[in-house]
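One letter stands for each residue in the lines below.
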2 protein chains.
Amino acid sequence: MSSESMIPFVFAVPVTAEKPSLQDNTADLDRLRHAFRAILPDTRPLEIPFARIVVLCRRFRQAGFSGVALVNDLPERWVLADFLPEMPSTLPAMALDLGTTHLEATLVDLLTGRILSSAGCENSQIEYGADILSRIHQATNIRRQKREIDFSFIDPGLAVLQQSIVACINTLTAELVADCGVETGEIRALSVSGNTTMTHLLLGLDPFHICREPYIPMVNGVEPMESRELGLILHGAAPVWIMPSIGSYFGGDLISGILASGMAASEQTRMLIDVGTNAEVVLGNQDWLIACAGAAGPALEGGVARMGMRAAPGAIEYVSIDPETYALEVKTIGGVPARGLCGSGLIDLVASLYLARIIDIRGKFRDPARENDPARAAFMRQRLVMRDGQPSFVVVAARDGDDDEVLLEQIDLDAMIRSKAAMYAVLATLVNQVGLAFVDLTEICVAGAFGNHINPQQAITLGMLPDLDLSVYRAIGNSSLRGAEQVLLARSARQECLDIVSKITYVELNVNQEFMIRFSGARFIPHTDPSLFPSVPLFAEQKE
Amino acid sequence: MSSESMIPFVFAVPVTAEKPSLQDNTADLDRLRHAFRAILPDTRPLEIPFARIVVLCRRFRQAGFSGVALVNDLPERWVLADFLPEMPSTLPAMALDLGTTHLEATLVDLLTGRILSSAGCENSQIEYGADILSRIHQATNIRRQKREIDFSFIDPGLAVLQQSIVACINTLTAELVADCGVETGEIRALSVSGNTTMTHLLLGLDPFHICREPYIPMVNGVEPMESRELGLILHGAAPVWIMPSIGSYFGGDLISGILASGMAASEQTRMLIDVGTNAEVVLGNQDWLIACAGAAGPALEGGVARMGMRAAPGAIEYVSIDPETYALEVKTIGGVPARGLCGSGLIDLVASLYLARIIDIRGKFRDPARENDPARAAFMRQRLVMRDGQPSFVVVAARDGDDDEVLLEQIDLDAMIRSKAAMYAVLATLVNQVGLAFVDLTEICVAGAFGNHINPQQAITLGMLPDLDLSVYRAIGNSSLRGAEQVLLARSARQECLDIVSKITYVELNVNQEFMIRFSGARFIPHTDPSLFPSVPLFAEQKE
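The structure reproduced in this document is the subject of the present report. What you see is a predicted model, and the numbers here were worked out from it, not measured in a lab. Every chain is numbered on its own, with residues counted from 1 as its sequence reads. A letter from A marks each chain and a number from 1 marks each ligand, given out in the order of writing. Residues qualify for local features only when their pLDDT is at least 70, as the model is predicted, and side-chain atom pairs are given and counted only at 80 or more; totals for whole chains, interfaces and linings, by contrast, use all residues. For the side-chain quantities, the full set of heavy atoms in the structure was used; hydrogens and water were omitted.

1. Considering the interface of chain A and chain B
Then step 1. The contact criterion used is simple: two residues touch if any of their non-hydrogen atoms lie within 4.5 Å. Listed as interface residues are 44 residues of chain A and, on the opposing side, 44 residues of chain B.
Then step 2. Put simply, buried area is how much 1.4 Å-probe accessible surface two parts lose in total, over both of them, once they are put together. Carbon and sulfur atoms make up 62% of the surface buried where chain A meets chain B, a total of about 3,800 Å² over both sides.
Then step 3. Three residues stand out in chain A for area buried against chain B, namely A:Phe50, A:Arg58 and A:Met218, and they jointly supply 18% of the buried area on that side.
Then step 4. Whenever Lys or Arg places a side-chain nitrogen within 4 Å of a carboxyl oxygen from Asp or Glu, that contact is recorded as a salt bridge. At the junction of chain A with chain B, the criterion picks out zero salt bridges.
Then step 5. Any N or O atom pair separated by 3.5 Å or less is treated as a polar contact, with the protein-specific requirement of one donor-capable and one acceptor-capable atom, and with residues adjacent in sequence counted only for side-chain atom pairs. The interface formed by chain A and chain B holds eight residue pairs in polar contact (both at pLDDT 80 or more) in total.
Then step 6. With six residues, helix 2 (residues 53-62) of chain A is the single largest residue contributor to the side of chain A that touches chain B.
Then step 7. By the convention adopted, Pro, Cys, Tyr, Trp, Phe, Met, Ile, Leu, Val and Ala count as nonpolar, Lys, Arg, Asp and Glu as charged, and the other residues, Gly among them, as polar. Here the side of chain A that touches chain B is composed, by residue class, of 24 nonpolar, eight polar and 12 charged. What counts as a helix is a DSSP run of H or I of at least four residues, what counts as a strand is a run of E of at least two, and both are numbered from the N terminus.

Next comes the structure, spelled out in structure tokens:
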């Protein structure tokens, strides 16, 4: 171990003991314990789980009382987990982002920090409900149907959902090791970043009160448990680190993101924006953290708009409309035929529609009949159609079974404007709560697929993100997974998670008067006060 | 809790928390943890086992966030085990003396210290061997027969023996609760005193090296485990306290006896004698303890002499021979027809034979033909017979299917003399090792059935026990079981066990020159140096 703060979740350390003799008839376990205790850097209690005693003692003896101990570094104690005859070539551990719709995982070598492989899959619980609320209800329904079953440990409804996600993780684990010469049983640790409900469902804990006032989770933080206690196919004694949550709507995935952003370890003040089903925003530095979550996300993530979809192959991620020629260009993820719009594509599209003056500052389609510019009027006549009694913009026309038709309907546009308004109002309110302005921020980290694909300039044009120099914005990718990797690799990261939880202040914006006022002002493009967005062009109607 | 040192192994404590609200949306588990932490008397880590989280949180909620927590007081941490709506009327725990041949148990109420019931049974492992060595060999043989089975956790041979003793304990548990209105699943803790091998066999640990030089047990001390990890039918989360051992031949049963004797907590120096398969002797006080074990026991316990038997119904426990009339009187345990001689009966018999001058100072039957006293000669002719070519004494004659014939053969008498010599040599050597004399001892505690039945005066006559005032001797009964009860009831007793282990010095007498010299001197009745036994009458042959 180079330094204590760099101790991985599980580490391998050489241990050599004197051989037994008539002069030294110490019991095997004590012999191992003493030799091991002597090399530990601190006096925290050393636990040897009862179920590990036989295998530890036998391997210690077989190795001639000299070999390599595998040790779990838990917050309040050391756990002696295994004994090997020699130093292994790798020490694989798994980091898991446990999303509501999607799982992403990497295999990390704890000896070198190297990523050995990565994989992802759909969350199999989708079978029981696309979103969290419907899964909680489903668990309750299954419970009602199986009332005769013993409730003492785990509800049958919960058991079904728990077994589903465990099977899903096990399948993902098998995929993860497939090409790197590792057996699943050789994975010695797991870290999991998930929202509060997904964490409850994985652990078999009742999420029933999460979605009912006053919104109380069963747990926010749990001590690491052993993999076998969850039914995972990793090594049975592999410790499982569950990222702690702050509350029902502020989960371990975001704590992981805060960790990965580095904001909680920095003197400078940063902001983290994570857009998923909710938009979660955190502001702070090493001294303080303030956070909020709101339902700004759906339209942006692509979950609500009729043509919305996740950032996946076939999703339009880029749109441009030439304001002179009205040439419309789209790019899809993977370059395959378009199937829908992901969040970044939607932002591009709406910003382009605004700059090309196809929509007005309220986000309403303008009337081609009242358009003076002939080129624009022609474009509008070509692209604006009435569907189901409302104006819609044809992003991609249907052509002989090649592309699907991709439409942007007025109703989706309205949802998008509400979302962007909510997002800006959240950011502005949060910054104002601590007496800062946007210009005081060193960095704005944008997490997830959204952050990877979004064009900040277009988001600024819409008035969704503050009008700052583009260098302030940084896409940090799947920060939930990155944080999970970090806790596997360093004790300082594990400690930082616990520190973040104790340091963070959560602001409830749904009942915040300032937020409501700011939300109203932000329901225009870019804003009712255009001076907040000097880089966005002003058109005649605003100058009036 | 009146005082920390009096905290039972499991205790019940009222816990009341604020109810959740929008202003206080702490998670259920944290709410419970905080309310509980606030009433704990120290800052040791608080563990909530993963498997208990669901049931704890649910019961906490069902009880309206107010009720009674059940807490396990483990050496290095608190464990929150259960939550009840109200204070229970009893909190049953089981104390178990896990003997090689016999199990004894009591049910203790941890709220009051009251003994609720007691029971005993034969050790079911006797099916696999009467003694420890044959059971170890049996485990190895079963292992060889089942070589194809995975060895990773527990050997099949060990598994058979472990399941046997667990089933035996479960049967005993059911018997224990039968008449006191308690369910087995309501027993909240267990303490076990056993020798080192029996402890290994209960825990499924390999005893293979215990009986092979250099005689290394797999473990001496283990952290308490949960009852469910052993397959017991107590409450699954009941912690199991295993009395620590010192080595292969100095087990937890003796640590328990030291605890029960009170010697390790006293300023005055005491001696503890525990005669079982081995004779184990401990000497010391609160500052130091010295101990040894030797094979002095068999003849005394009744395991070796042909007519020997355990102290059980039908065992002759008392013998007297009137030195004037030569009237021979015997009493059996339970007053039933005689079946054999237990240790105390054997001591009585041999001492009486000596005082009646039927045997000489070497422990040899005297020749009736050379006897001058007519009454004695008549008695000898009546009672001394030749069997299998050696002289034997008829203790009880066979009579028409009533009593069995009970004989004392010369070979058994010789074994008895060796045993008593070994015992005295052990005691004398041990006392001399620390520079003391017998008169420095405040008390000599004699444990077990042996201690309950033995007549110290007769043992002194034989030269087995030192010639001290009889008030020095105290029978302390089943001290192994008494110690097991004490650790259930008080933290100070649990701590004392650990202190005893760290404080005790073990002396190996098999290779001790002084012991061998003292052994030779003690192979006469009472001793080659009769001045050591002033209360024992001297006869002509010694005066010469």
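2. Quick look at the relation of the copies chain A and chain B
Then step 1. The least-squares superposition of copies is restricted to C-alpha atoms, and to residues with a pLDDT of at least 70 in both copies. Expressed as a screw operation, the relation of chain A to chain B combines 0.1 Å of axial shift with a rotation of 180°, fitting to an RMSD of 0.1 Å. Look at the turn and shift together and you get a two-fold axis relating the two. Among all residues of chain A, the one whose C-alpha sits closest to the rotation axis is A:Pro45, at a distance of 5.0 Å.
Then step 2. Looking at the interface residues of chain A, 100% of them are also at the interface in chain B, so both copies use one shared face.

3. A short note on the sheet that holds strand 8 (residues 190-194) of chain A
Residue and element names in this part refer to chain A.
Then step 1. In spatial order, the strands read 7-6-5-8-10-9; together these six strands make up an open sheet with mixed pairing. The open sheet is flanked by strand 7 (115-122) and strand 9 (225-226), the only strands paired with a single partner.
Then step 2. Note: two strands are recorded as paired if DSSP finds a minimum of 2 bridges between them. Bridging between strand 5 (residues 92-98) and strand 8 involves five bridges; their strand directions are parallel. Paired with leucine 98 across the two strands is glycine 194, which belongs to strand 8.
Then step 3. Here, axes are lines fitted to C-alpha atoms. For helices the fit covers the stretch in contact, and angles between N-to-C directions go from 0 to 180 degrees. Those strands touched by helix 4 (residues 156-177) are strand 5, strand 6 (102-109) and strand 7, and its axis lies near 140° from that of strand 7.
Then step 4. Across the sheet, helix 14 (residues 479-489) touches strand 5, strand 6, strand 7, strand 8 and strand 10 (239-242), and the angle it forms with strand 5 is around 150°.

4. What to know about the side chain of A:Asp206
Then step 1. Mapped onto the fold, A:Asp206 is located in the loop between helix 5 (196-203) and strand 9.
Then step 2. Only 2.9 Å separates the side chain of A:Asp206 from the backbone nitrogen of A:Phe208, close enough to count as a polar contact.

5. Section: empty space enclosed by the protein
Then step 1. Method remark: on a 1 Å grid restricted to protein atoms, a set of points is classed as a cavity if a 1.4 Å probe fits but cannot get out and as a pocket if it is open with protein on both sides within 12 Å along at least five of seven lines; lining residues have an atom within 4 Å of a point. Grid points are joined across faces, edges and corners, and a volume is the space filled by probe spheres set on the points. Taken as a whole and assessed by the stated rule, the structure comprises eight cavities of 30 Å³ or more.
Then step 2. There is about 110 Å³ of room inside the largest cavity.
Then step 3. For the lining of the largest cavity, the elements supplying multiple residues, two or more each, are strand 2 (46-47) of chain A together with strand 2 (46-47) of chain B.
Then step 4. For the lining of the largest cavity, the per-class residue count stands at four nonpolar, no polar and eight charged.

6. Observations regarding unusual backbone geometry
Residues and elements named next belong to chain B.
Then step 1. Of note, the bond from glutamate 213 into proline 214 is cis; its omega dihedral lies within 30 degrees of zero at 0°.
Then step 2. Structurally, the position occupied by proline 214 is in the loop between helix 5 (196-203) and strand 9 (225-226).
Then step 3. Looking along the chain, the bond that leaves isoleucine 525 and enters proline 526 is cis, with omega of -10°.
Then step 4. Turning to its location among the elements, proline 526 is positioned in the loop between helix 16 (513-521) and helix 17 (540-543).
Then step 5. Of note in the backbone geometry, phenylalanine 65 takes a positive phi value of approximately 65° without being a glycine.
Then step 6. With respect to the secondary-structure elements, phenylalanine 65 resides in the loop between helix 2 (53-62) and strand 3 (66-73).

7. Things to note about the pattern of salt bridges
All names here are of chain B.
Then step 1. Per the stated rule, a full pass over the model turns up 48 salt bridges over all chains.
Then step 2. For glutamate 223, the salt bridge goes to arginine 77, with nearest N and O atoms at 3.1 Å. Taken together, the residues span a long stretch of sequence, with glutamate 223 in the loop between helix 5 and strand 9 and arginine 77 in the loop between strand 3 and strand 4 (78-84) at a distance of 146 residues.
Then step 3. For the exposure calls, accessible area comes from a 1.4 Å probe over protein chains only, and a residue counts as buried if that area is under 20% of its type's maximum, exposed if over 50%, partly exposed in between. On the basis of relative accessible area, glutamate 223 is assigned to the partly exposed category, the value being 24%.
Then step 4. Between glutamate 443 and arginine 474 there is a salt bridge; the shortest N-O distance is 3.0 Å. Pair noted here: glutamate 443 is in strand 20 (residues 443-447) and arginine 474 is in strand 21 (residues 473-477), with a separation of 31 residues, a long-range link.
Then step 5. Its relative accessible area of 14% is what places glutamate 443 among the buried residues.

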